[in-house]
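What follows is the residue order along each chain.
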Amino acid sequence: MVPLAAGPWSALAAAAAGAGAWAVGASAPVLRSLIACGLTTTGCGIAASEVLAAGMNPLIALGLAVPAGAAALAHHRNLAGHLPAPELTPATVTKGAGTGTGLTSQEQVIAAFWAEYISGPTQTEDRKLIQPGANLEQLVLQIDGSHVVFTGIITLPPGQQVRVREADIASVYHVPTSQIELGDPKHYAPNALPVTVQLTAPAEQPQIQTGAPTTPQELWAAYVAGPEGAMPGTTLTVTRYDGPKDWEGIATRDRRAIGTVNLQDLAGNLDLETIQIALSPGDKPSQMGIRVMREHALMHGTMLSSVVGELAMDSRGYVRAGTYVDGRPALLPLAQPGSGARHLYLVGGSRSGKSGLLEQILLSAHLSGIAVILASPQAGTIAGASLSAYLGDGLDEAMGALRLAYALMLDREARYRSPAFPFTDPLVLFVVDEAHMLLSASSPYHAEAKAIVEQLTRRSLKRGIGVVLATQTPLAEDLGNSTVIRSQLLIGGGAVFLRCARGQGNLVGTNSVEGAEGIDLSMIPSQWPGQYAKVADRDMSGLATEVAAAPEDGTFGLGYLLTPGSQAVQFRSLHLDVPPVSLAGGERPVGIEHCDAWRERDAIAQTPMVDKRGKNLIGSLADLLAAAETAAASSQEPAAHHTPTGLHAVPGPARPGGTPAAPDGQELIKPRILELLQEHSIPMTAETIARKLEIPATRVKPRLSELKKQNKVINESGLWRAA
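Thresholds applied
- Per chain, residues are indexed from 1 in the order of the written sequence.
- Residues qualify for local features only when their pLDDT is at least 70, as the model is predicted, and side-chain atom pairs are given and counted only at 80 or more; totals for whole chains, interfaces and linings, by contrast, use all residues.
- With hydrogens and water excluded, all non-hydrogen atoms of the structure serve as input to the side-chain values.
- Strands are runs of DSSP state E lasting at least 2 residues, helices are runs of H or I lasting at least 4, and numbering of each runs from the N terminus.
- Working definition: with a 1.4 Å probe on protein chains only, accessible area under 20% of the residue-type maximum means buried, over 50% means exposed, and in between means partly exposed.
- In this description, contact between two residues means that some pair of their heavy atoms is separated by no more than 4.5 Å.
- By the criterion applied in these results, polar contacts are pairs of N or O atoms within 3.5 Å in which, for protein atoms, one can donate a hydrogen and the other can accept it, and in which residues neighboring in sequence qualify only through two side-chain atoms.
- Only Phe, Tyr and Trp rings are paired, with Trp represented by its six-membered ring, and only when their centres lie within 6.5 Å; those with planes under 30 degrees apart are stacked, over 60 edge-to-face, the remainder tilted.
- To define a nonpolar core, start from buried Ala, Val, Leu, Ile, Met, Phe, Trp, Tyr and Cys residues and group those joined through side-chain atoms within 4.5 Å.

Visitor: Describe the overall build of the chain, with residues and values.
Guide: A tally of regular secondary structure across the chain gives 21 helices and 22 strands. Scored against the burial criterion, the 723 residues of the chain give a buried share of 46%. Considering only contacts within the chain whose residues lie at least 6 apart along the sequence, 63% involve residues at least 24 apart.

This is the structure in structure tokens:
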């Protein structure tokens, strides 16, 4: 209201104030602010006086007081050196910028804040604009009781990109970053982004209305036990209660089995996230344990080094894989006494803890006297690969390991006709990491790998060979669209389901797994609650190279363990506070028995076992050995016309039965490989070594594997060097 009273005299007052400020040595920004305030006040005062003198509506003169008030408020901010939160009064009418109706006084204050600290047009020495020219257009203010929010569009000239961030806007209006929402640049033009700012947070609404259910038992009866609920016809008995989001209980169905429970539906009934609920099947089919958690019970993990004594297989064939949500040890079957081996289906995306669990399984197999054939299509990804008796590192080599596992099964079938043969030979675990690289339709080995794995999962258990398939998703295409493989894996052992990418973790529809209905693996969060704030607290002292990851740093290893005949139970694998291979005691890997399949492993690994159409899989050991011999002989024919200098064909010893061994001169190849690697300090691929020695790569790779087992060469991510 100052302009209405001051009139023309406000110019004299502003001039006097400016002279006084200059006399006491005020800073340049303060002088500029004072001058701007005086000019604005003067102009508004003169205009208001003319309006009143002309007899026009006094409300127009009252409106002229708003710019003067805004100028005075800006001048006060510059003098005080801080930004007061705008005081807004409830508005009954909402107006938008650019609509021709003008801005309300509250909207003018918001726009003044934006122009002064974000867009400009002016920028002083001690106040740098966030992004000059990033104007706030189409401003709309909404006030609902104590909830005040405004929306608008940040605009820039074409060709420029909005760089204003939530934290910038939060600092201007003194509100938390969580109350700022910017549009996704993917869905809008880069020079025009919508923004929503809640100047006051909405009042927290009570989750339970008056007269609605309040206790867990009442909520259960109202939403879970009803006909449309996740567990119809059940009643809840609470055994521990520490709050509405921290309790345990037992659900009971009167003389009827509860059956499988859709965890997603149950979480929806209780208005919770899936990760906050854990189910514990009991001995009685009519009962089910329920646990609701505010802070997850597995957040702090179980250290690998603390349960070393539980890693070896017990008398029932189980090993410690982790910890269930109720604190009990999570056990995984690797064998079944009197029957044979067990299968395992392992699913987990990037950073889910899948590789760590595989390393743990390799260690348990080693400590249990189980030989391992490892196929790793992605070379160098398994840190515990040295615990395997045979390693197929790389896509081609992994396919060779798959062929060897199949040949070993055929060999044992030929030697042991009775399914209940005594296990004089060691149990074998055939582990395939990233199995989708071999089985999916896009793999060059799709048809052959699918045919072999189907036969292995059907026939190998009675022969003491278990199959562990690890994929990134539970999608059918990762298993070559084979229902046989998935069903045999689940029937013959168990499954571990870890976090998957969004949209790829639903265990429903074609991906449904009995006992895991309703679980969405993509709903497992990558971080525990509160970790984002921990990350935001930055430490710029330098990279801590000696710091190891803690269980609280992420949810890796958190998932569901499913064993035959049970419901999937939430668990977490052991935290690898020490490398699993360091607990092996430095002992050599458990070896595979000396049999025809093992003696001819190099030739078998190079022999395709199906025709070009992917049909007619070789079905007997004799046919397989004959095919391997034929393939080895045909691969040597070109070499007979061009023998490298210093390499002579030496006839090998005869095999049992009178068949002569292939004269490949393998004992003369290995010294040349060693000499080459010792002369060159740069690691080489197997193909580079073959090219330099002028020897086919199919003959170099087996020799490299033999030299590695003799600890004469080292393979690091597919690159070979002398030890």
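Visitor: If you had to explain the environment of D520 to someone new, which residues and values would you point to?
Guide: Along the chain, D520 turns up in the loop between β18 (493–498) and α15 (531–536). Residue D520 is classed as buried on the basis of its relative accessible area of 11%. Put simply, D520 and L263 are 257 residues apart on the chain and 8.8 Å apart in space, counted from C-alpha to C-alpha. Excluding anything up to four places from it in sequence, D520 contacts Q264, G505 and N506. A polar contact is formed between the side chain of D520 and the side chain of S522, at a distance of 2.6 Å.

Visitor: Can you explain the packing of aromatic side chains? Please cite residues and give values.
Guide: For the structure on display, the rule yields four aromatic pairs. For the pair Y390 and W598, a centre-to-centre distance of 6.4 Å together with 75 degrees between the ring planes defines the contact as edge-to-face. Of the two residues, Y390 sits in strand β15 (residues 390–393) while W598 sits in helix α16 (residues 596–599), which places them 208 residues apart along the sequence. Of the residues examined, Y390 reaches a relative accessible area of 10% and is grouped as buried. Owing to a relative accessible area of 9%, W598 belongs among the buried residues under this scheme. Grouping aromatic residues by their ring pairs yields a cluster made of F113, F150 and Y173.

Visitor: Please give an account of the nonpolar core that cites residues and values.
Guide: With 88 residues, the main nonpolar core has W220, M231, I373, F430, L469 and F497 as its most contacted residues. The leading source of residues in this core is helix α11 (residues 395–415), at eleven residues. Counting 39 residues, the second-largest nonpolar core is a separate cluster that includes V319, L332, L391 and L461.

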